[in-house]
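Reading the structure
Below, each chain spelled out in residue letters.
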Amino acid sequence: MKKYNVAVVGANGAVGEEILRVLEEIDFPLAKLVPLASARSLGTQVEFNGQNLDIIELTEDVFEKEAVEIALFSAGGSVSAKYAPFAVKAGAVVIDNTSHYRMDENVPLVVPEVNPQDIAKYKETGIIANPNCSTIQMVQTLKPLDEAYDLVRVDVATYQATSGAGKTAMKELVDQMQAFFAFTLDEAKVEAFNQQIALNVIPQIDVFTPNNYTKEEMKMVNETTKIMHKEIPLSATCVRVPVLRGHAEALTLTFDSQVNADEAKAILSKAPNIVLVDNPDEELYPMPKDCVDANETFVGRVREDLFANNMLHLFIVADNLRVGAATNAVRIAQKWVEMENQA
């Protein structure tokens, strides 16, 4: 199999570091890794496969200079907007982890377990978009149940970790907790979030839109429709919680037919990259602490509604830096490589 020159844009960021780790762990046909970041990061290194690699400055011509064939972007929407076209012009396929291209009708938005066929549409722009972290783990769970019962509505409440807002947000949680134990929490900085995050939950992620839903909540609505090729009424309440890694979601699913919880569990247990953790007698259910560094979505608390026979309730957890970002991006790259070698 051909090997590829792969660039990681934002290689020293929270998601970029996870992309490097995922690439290390799988058998990816890698010829050369090109770690890219802004000029501010020059002089720093990233570790990959036991080697320390120098960060290379992200410039308009670096993709051509380094003969990049696959470019994984995770450095913010404005960076993707400026530099992704240069990567495409240099002949690379871009897999973008930001929100910039997600709702572009000419750019496929892909979760490989759900809509791998959409990858073929990348030739229109040279770009494949990686969905929002909270959307990815949800649609992985929705897909097999939709195929079985015909999904007609989704209601979701998310419990999202601080790492979803980057390294500085994680540090802010740690700093505030340290301040709490030092009896100085009132003096701790509140910068990464608009409220104190330690010992608190914030029912706002991103800014509010005119309909009083936040941008994060509307991402889940719009991205789910695009990925699943189905207009599914969806209401989301996205909440930031004082956890470092691992997004959790409580789902209420309404179907067009009667559902059975045991049957649904059997379906989910066979779905790709889903792990069923559901044993109430032993108090076994998905939790963020158990999903860190895992590449699967964990599902539990599956139960039928008490009043309607066409509704299910369940709880899902995934590592947002992996399943919600890095792992999904690398899986897209793997599927793209498969397609290229079959062409």
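Residues numbered from 1 in each chain as written. Predicted model: local features only at pLDDT ≥ 70, side-chain atom pairs only at ≥ 80, totals over all residues. Heavy atoms only, no water.

A word on the environment of His100
What counts is decided by this rule: Put simply, DSSP marks the helices as runs of H or I at least four residues long and the strands as runs of E at least two long, and each gets a number from the N terminus on. Two residues qualify as a contact provided that any one of their heavy atoms is within 4.5 Å of a heavy atom in the partner residue.
Structurally, His100 is set in the loop between strand 7 (93–96) and strand 8 (127–129). For the pair formed by His100 and Ala129, sequence separation is 29 residues and the distance between their alpha carbons is 8.5 Å. Those residues within four positions of His100 in sequence are excluded, and the remaining contacts are Gly77 and Ala81.

Quick notes on the layout of surface pockets
Heads up, the rule is: Buriedness of a pocket was judged along seven lines, with at least five required to meet protein on both sides within 12 Å; pockets are open sets of points on a 1 Å grid over the protein atoms alone, cavities are sets where a 1.4 Å probe fits but cannot get out, and lining residues have an atom within 4 Å of a point. Grid points are joined across faces, edges and corners, and a volume is the space filled by probe spheres set on the points. Under the convention adopted here, Pro, Cys and the residues Ala, Val, Leu, Ile, Met, Phe, Trp and Tyr are nonpolar, Asp, Glu, Lys and Arg are charged, and Gly plus all remaining residues are polar.
Roughly 1000 Å³ of volume is contained in the largest pocket. As for the largest pocket, its lining consists of 40 residues, and the residues nearest its centre are Asn132, Gly164, Ala165, Glu216 and Lys219. Secondary-structure elements contributing two or more residues to the lining of the largest pocket are helix 1 (14–25), helix 5 (167–181), helix 6 (215–228) and helix 8 (322–342). For the lining of the largest pocket, the leading source of residues is helix 6, giving five residues. Across the lining of the largest pocket, the residue classes tally to 13 nonpolar, 19 polar and eight charged. Considered as a void within the structure, the second largest pocket measures approximately 210 Å³ in volume. Residue lining of the second largest pocket: Val9, Gly10, Asn12, Ala37, Ser38, Arg40, Ser41, Leu58, Ala75, Val79 and Tyr83, and that is the complete set.

Some words on the pairing of strand 9 (residues 151–160)
Stated precisely, the cut-off is as follows: Should DSSP find at least two bridges between two strands, the strands are taken to pair.
Across eight bridges, strand 9 lies against strand 11 (residues 247–255) in antiparallel orientation. Across the sheet, the residue bridging to Arg153 is Thr254, located in strand 11. Bridge count for strand 9 against strand 10 (residues 234–240) is seven bridges, and the pairing is parallel. Among the inter-strand pairings, Ala157 is bridged to a residue of strand 10, identified as Thr237.

Some details on the packing of aromatic side chains
Note the cut-off: Side-chain rings of Phe, Tyr and Trp, where Trp is taken by its six-membered ring, are said to pair if the distance between their centres is within 6.5 Å; with planes under 30 degrees apart they count as stacked, over 60 as edge-to-face, and otherwise as tilted. Each residue is assigned to one of three classes by its accessible area relative to the maximum for its type, calculated with a 1.4 Å probe on protein chains only: buried under 20%, partly exposed between the two thresholds, exposed over 50%.
Across all of its chains, the model carries six aromatic pairs by this definition. On the basis of an interplanar angle of 80° and a centroid distance of 6.0 Å, the ring pair of Tyr122 and Trp336 is categorised as edge-to-face. You can see Tyr122 sitting in the loop between strand 7 and strand 8 and its partner Trp336 sitting in helix 8, a full 214 residues away along the chain. In this structure, Tyr122 and Trp336 share a single accessibility class: buried. Consider the rings of Phe180 and Phe181, whose centres lie 5.1 Å apart with planes at 75°: the pair is edge-to-face.

A short note on the packing of helix 4 (residues 133–149) against helix 8
We count it as follows: In this analysis an axis means a line fitted to C-alpha atoms, helices contributing only their contacting stretch, and an angle means the value between N-to-C directions, from 0 to 180 degrees. Every angle not falling under 35 degrees, over 145, or within 65 to 115 is termed oblique; those three ranges are roughly parallel, roughly antiparallel and roughly perpendicular.
At a closest axis distance of 8 Å, the pairing of helix 4 and helix 8 adopts a crossing angle of 70°. The pairing of helix 4 with helix 8 is recorded here as roughly perpendicular in orientation. Here Cys133, Ile136, Gln137 and Gln140 of helix 4 come into contact with helix 8, specifically with Val323, Gly324, Ala325, Asn328 and Arg331. Here the contact of helix 4 with helix 8 is composed, by residue class, of four nonpolar, four polar and one charged.

Overview of the sheet that holds strand 6 (residues 70–73)
In spatial order, the strands read 5-2-1-6-7-8; together these six strands make up an open sheet with parallel pairing. With partners counted over all chains shown, the strands left at the sheet margins are strand 5 (56–57) and strand 8, one partner each. Across the sheet, helix 1 is in contact with strand 1 (4–9), strand 2 (30–37) and strand 6; its angle to strand 1 comes to roughly 155°. Lying over the sheet, helix 3 (residues 77–89) contacts strand 1, strand 6, strand 7 and strand 8, oriented at roughly 175° with respect to strand 6.

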